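Listed below are the residues making up each chain.
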Amino acid sequence: MTRVFNFSPGPATLPEPVLRQAAGEMLDWHGSGMSVMEMSHRGKEFISIHAEAEALLRELMGVPANYKVLFMQGGAIGENAIVPMNLISRGGKADYVVTGEWSRRSQKEAARFGQVNVAADTEAGHFTHIPKQKEWKLDPGAAYVHICSNETIGGVQFHWTPDTGRVPLVADMSSDILSRPVDVSKYGLIYAGAQKNMGPSGLTVVIVREDLMGHALPVTPSAFNYQLQAENDSMYNTPPTYAIYIMGLVLKHFKGMGGMAAIEAHNKAKARLLYDYLDGSSFYRNPVAKEDRSLMNVPFKLKDDALDADFLKGAQARGMIQLKGHRSVGGMRASIYNAMSLEGVQALVQYMKEFEAQHG
Ligand SMILES: *Cc1c(COP(=O)(O)O)cnc(C)c1O
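## Considering the layout of surface pockets
Here comes step 1: In this structure, the largest pocket encloses a volume near 420 Å³.
Here comes step 2: Tallied by class, the residues present in the lining of the largest pocket amount to 11 nonpolar, 3 polar and 10 charged.
Here comes step 3: Of the domains in this structure, domain 1 (16–256) and domain 2 (259–359) are the two that each give at least three residues to the lining of the largest pocket.

## Remarks on the environment of H126
Here comes step 1: The residue H126 is located in the loop between strand 4 (115–121) and strand 5 (145–148) in this model.
Here comes step 2: A C-alpha to C-alpha distance of 25 Å links H126 and K270, two positions 144 residues apart in sequence.

## A few points about the nonpolar core
Here comes step 1: With 56 residues, the main nonpolar core has M61, F71, L178, I207 and Y245 as its most contacted residues.
Here comes step 2: No other element matches the 10 residues that helix 6 (residues 241–256) contributes to this core.
Here comes step 3: Per-domain counts for this core show at least three residues from each of domain 1 (16–256) and domain 2 (259–359).
Here comes step 4: Among residues more than four places away in sequence, those in contact with Y245 are Q21, A22, E25, W29, V36 and I49.
Here comes step 5: The next biggest cluster of nonpolar side chains, apart from the first, holds 30 residues, and it includes Y284, L307, A334 and I336.

## Details of the domain arrangement of the chain
Here comes step 1: Assigned domains of the chain: these are domain 1 (16–256) and domain 2 (259–359).
Here comes step 2: Its C-alpha centre places domain 1 at a distance of 27 Å from the equivalent point of domain 2.
Here comes step 3: With 24 residues of domain 1 at the contact, the number on the domain 2 side is 23 residues.
Here comes step 4: With both chains or domains summed, domain 1 and domain 2 bury close to 2000 Å², and 56% of this area falls on carbon and sulfur atoms.
Here comes step 5: Counting the contacts that link domain 1 with domain 2 gives 0 salt bridges.
Here comes step 6: The tally of links from domain 1 across to domain 2 stands at 14 residue pairs in polar contact (both at pLDDT 80 or more).
Here comes step 7: The set of elements that each furnish at least two residues to the side of domain 1 that touches domain 2 consists of strand 7 (156–157) and helix 6.
Here comes step 8: For the side of domain 1 that touches domain 2, the class distribution of residues is 7 nonpolar, 11 polar and 6 charged.

Conventions adopted
- Residues numbered from 1 in each chain as written.
- Predicted model: local features only at pLDDT ≥ 70, side-chain atom pairs only at ≥ 80, totals over all residues.
- Heavy atoms only, no water.
- 1 Å grid on protein atoms, 1.4 Å probe; cavity = no way out; pocket = protein on both sides within 12 Å on 5 of 7 lines; lining within 4 Å.
- Points joined across faces, edges and corners; volume = space filled by probe spheres on them.
- Nonpolar A, V, L, I, M, F, W, Y, C, P; charged D, E, K, R; others polar.
- Domains from an automatic or database assignment.
- Helix = DSSP H or I, 4+ residues; strand = E, 2+ residues; numbered from the N terminus.
- Core = buried A, V, L, I, M, F, W, Y, C linked by side-chain atoms within 4.5 Å.
- Buried < 20%, exposed > 50% of the residue type's maximum accessible area, 1.4 Å probe, protein only.
- Contact = heavy atoms within 4.5 Å.
- Buried area = accessible area lost by both parts, 1.4 Å probe.
- Salt bridge = Lys/Arg side-chain N within 4 Å of Asp/Glu carboxyl O.
- Polar contact = N/O pair within 3.5 Å; in protein donor to acceptor, adjacent residues only side chain to side chain.

Now the structure itself:
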């Protein structure tokens, strides 16, 4: 068996020991005689899996006691509607900071549920930086301020936490959750699809401060009502059981790596290797402002677009896949989430050097 170095933006590479453990437990989980996929979500076996996954997430992220952790479905794109349905009624309006394709989509979807104010927008600069908070036009009457902490497509990331005062801060952390320590108490709500950094697709994690629940618009589907889900321990409807199980294994693996500080150091080392090489080369370039560069998604362009297909072909031949950039940006993108090894990034940089020597 050969495993590739998978630079996919999502669904993305998972820790190999987790996949091995899941394979070993596939037919018979801990002597239950069942696969996790076959378990009732209300049975004692699955309830213990669910509780452990939640406890690990709370421990790793340091989630305060006055926050609920919800395991839902619908993905981050679902949350683009579910967040305003649940939160916007307190004032009827919300502020959105637009720093890339994903926050743009969030802003557009929210406009269906209330008045949306674009507090800042970096599209004129091709989404290559994070705007300073003093440039934002915030409305003190807004129900919340929405940001995307890491723009998966453009490769820009917040390396500071906005201070929105009494207005709750809401963050789409789909592509950088669990990649570094986060002070959850600075946020009103955090949401993330699992498939970038912590598990398979199908599971959406929502971390919400308790006082923000209970204000859902009447149109809100019951399955997407935070209050109802919280009252039912995320089991108002059948939760994505297998995805929750795998996420629990991934979280245990992250804990074994040393927790968030160790994971952040690992991620910084990988990103530094790649950015240092990009910056020292006149053949490749990354367009993002240095202080706002993503540790998770690294877009880069070759000197000549005409070489893109050759670059991708050579990478594939060396077992490195999914390096093609998003169509809106072009070029390449290496997604180097928690589960990407340092060896994977070393192999990529080595290949980039060889390609540059050949074509530069
Ligand atoms: C991948 C991604 C999404 C979309 O997630 P879905 O699971 O497809 O709904 C939204 N926001 C960000 C930041 C993402 O990286």
